[in-house]
2 protein chains.
Amino acid sequence: MKIGVLGTGDVGKTIATKLVAVGHEVCMGSRARGNEKAVAWAKGAGGTEGSFAEAAAFGELVFNCTKGEHTLDVLRQAGDLSGKVIADVSNPLDFSKGFPPSLSVCNTDSLAEQIQREFPRAHVVKTLNTMANSIMVDPRSLPDAHHTFLSGNDADAKATVRGILASFGWLPDEIIDLGDITTARGTEMYLPLWVRIFGATKIGAFNIKLVKLG
Amino acid sequence: MKIGVLGTGDVGKTIATKLVAVGHEVCMGSRARGNEKAVAWAKGAGGTEGSFAEAAAFGELVFNCTKGEHTLDVLRQAGDLSGKVIADVSNPLDFSKGFPPSLSVCNTDSLAEQIQREFPRAHVVKTLNTMANSIMVDPRSLPDAHHTFLSGNDADAKATVRGILASFGWLPDEIIDLGDITTARGTEMYLPLWVRIFGATKIGAFNIKLVKLG
């Protein structure tokens, strides 16, 4: 599949590299074609790079790997997103008052819903935002089963993202469809707990497993 | 230990019954002595009952098992809480717009912090608020290890609560001290994810296990 990855930070590079490794054609997007980090990534990983608009136009699916504070601005630069699946792994973390961060939107709204409202013809699927990027693309690196979530309004888009997750190593039972895009409030609001667990344990390479009765 | 349990709902009854079962003297508190539910509980479980103030005066430790919307009002009725440990298992769930609930306080504050600010001489310890009450008091009913959290400013109070959790069946490694009372923002903000997982799976008897590298 042709996939655009928006963002040249650790999350973007990690996701983009994994996508290439599992056989996809990937264009990494940044503010302007020729971005140093994107060029280095493309050379090393065997992908291409371009502006946000070029990467979005390239992809049938677009991974939003930008920081939450920049996400809406980046997507506004990305051109026509109609019909595209947006796999949104960002979080609306607000570091303006230092660490630990608060959220810039929560409780009765979420960043995923803001994206879906502003780009109503795109199909936003929130996923993977509840863990460090190393775990996103290598779930089998943890010593037990653990879970990720899907939130989105479009069943086909969720199926597409589920396929990508499977190619990353996620097992079918580890992917929990929470429902429509409003359920992204749940996974985004988990971040403050993630941050506090990280603060207490100093271990970022963890994820949660749902342990159920029966 | 002498323990006051505030609240006659399912959480209060479950916690109070377990506390008696593991050897504590328990007084269940409600709006007024003679509350039908509290009387029935006391008769069945072998405890006593009284007003919120009577239950709080009775206990060296007070379990707050009231609904979040009532918590501050109840504690204001509970008299002098100086020096007491308040084990706070409540959540600030706002059902005023139906299900799923939002939170009445979050992000840059929490219910636990509101309690600690209003009763500065009490020692608030947030714990067990991330699961159904059946799991709180019977952690070994789940088929794998799983975790609970402590948030509070007073180390001795946290040690006391840790002892209670151990008597419920929690293993030492399953109890994670997140830090001071502000870390309760994390566990309270997990509730929207809990609610969405429950909505998707229809299973309330679950909890999260932290799966870590190494």
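Treat the numbers as computed from the prediction; the structure is a model and nothing was measured.

### Focus on the packing of aromatic side chains
- Within the structure shown, the criterion is met by 4 aromatic pairs over all chains.
- Ring geometry for Trp194(A) against Phe198(A): centres 5.4 Å apart, planes inclined by 20°, an arrangement best described as stacked. Placement of the pair is Trp194(A) and Phe198(A) together in helix α9 (residues 191-201), with a separation of 4 residues, close to one helical turn.
- Here Trp194(A) falls in the buried class, since its relative accessible area comes to 14%.
- For Phe198(A), a relative accessible area of 31% puts it in the partly exposed group.
- Ring centres 5.3 Å apart and planes at 15° place the aromatic pair Trp194(B) and Phe206(B) in the stacked group. Residue Trp194(B) is found in helix α9 (residues 191-201), and its partner Phe206(B) is found in strand β11 (residues 206-212); the two are separated by 12 residues along the sequence.
- Counting every residue linked through ring pairs, the aromatic cluster contains Trp194(A), Phe198(A) and Phe206(A).

### Remarks on the confidence of the model for chain A
- Predicted confidence across chain A gives a mean pLDDT of 97, with 100% of residues reaching 70 or more.
- Quick note on the complex model: pTM equals 0.98, ipTM equals 0.97.

### What to know about the side chain of Thr71(A)
- If you trace the backbone, Thr71(A) turns up in helix α4 (residues 68-76).
- Reaching out from Thr71(A), the side chain makes a polar contact with the side chain of Asn64(A) at a distance of 3.3 Å.

### Quick look at the sheet that holds strand β10 (residues 175-179) of chain A
- The 8 strands lie next to each other as β3-β2-β1-β4-β5-β8-β9-β10 (chain A), forming an open sheet whose pairing is mixed. Two strands in the sheet have a free side with no partner beyond their single neighbour: β3 (48-51) and β10 of chain A. The sheet shows a mean angle of 25° between the axes of neighbouring strands, taken without regard to direction.
- Bridge count for strand β4 (residues 61-64) of chain A against strand β5 (residues 85-88) of chain A is 4 bridges, and the pairing is parallel. What sits directly across from Val62(A), in β5(A), is Ile86(A).
- Its contacts with the sheet place helix α2 (residues 36-45) of chain A against β2 (25-30) and β3 of chain A, and it is angled at close to 160° to β3(A).
- Along the sheet, α9(B) makes contact with β9 (148-152) and β10 of chain A, crossing β10(A) at roughly 95°.

So, how was this worked out
Residues numbered from 1 in each chain as written. Chains lettered and ligands numbered in written order. Predicted model: local features only at pLDDT ≥ 70, side-chain atom pairs only at ≥ 80, totals over all residues. Heavy atoms only, no water. Phe/Tyr/Trp six-rings, centres within 6.5 Å; stacked < 30°, edge-to-face > 60°. Helix = DSSP H or I, 4+ residues; strand = E, 2+ residues; numbered from the N terminus. Buried < 20%, exposed > 50% of the residue type's maximum accessible area, 1.4 Å probe, protein only. pLDDT = per-residue confidence, 0-100. Polar contact = N/O pair within 3.5 Å; in protein donor to acceptor, adjacent residues only side chain to side chain. Pairing = 2+ DSSP bridges. Axes fitted to C-alpha atoms, helices over the stretch in contact; angles between N-to-C directions. Contact = heavy atoms within 4.5 Å.

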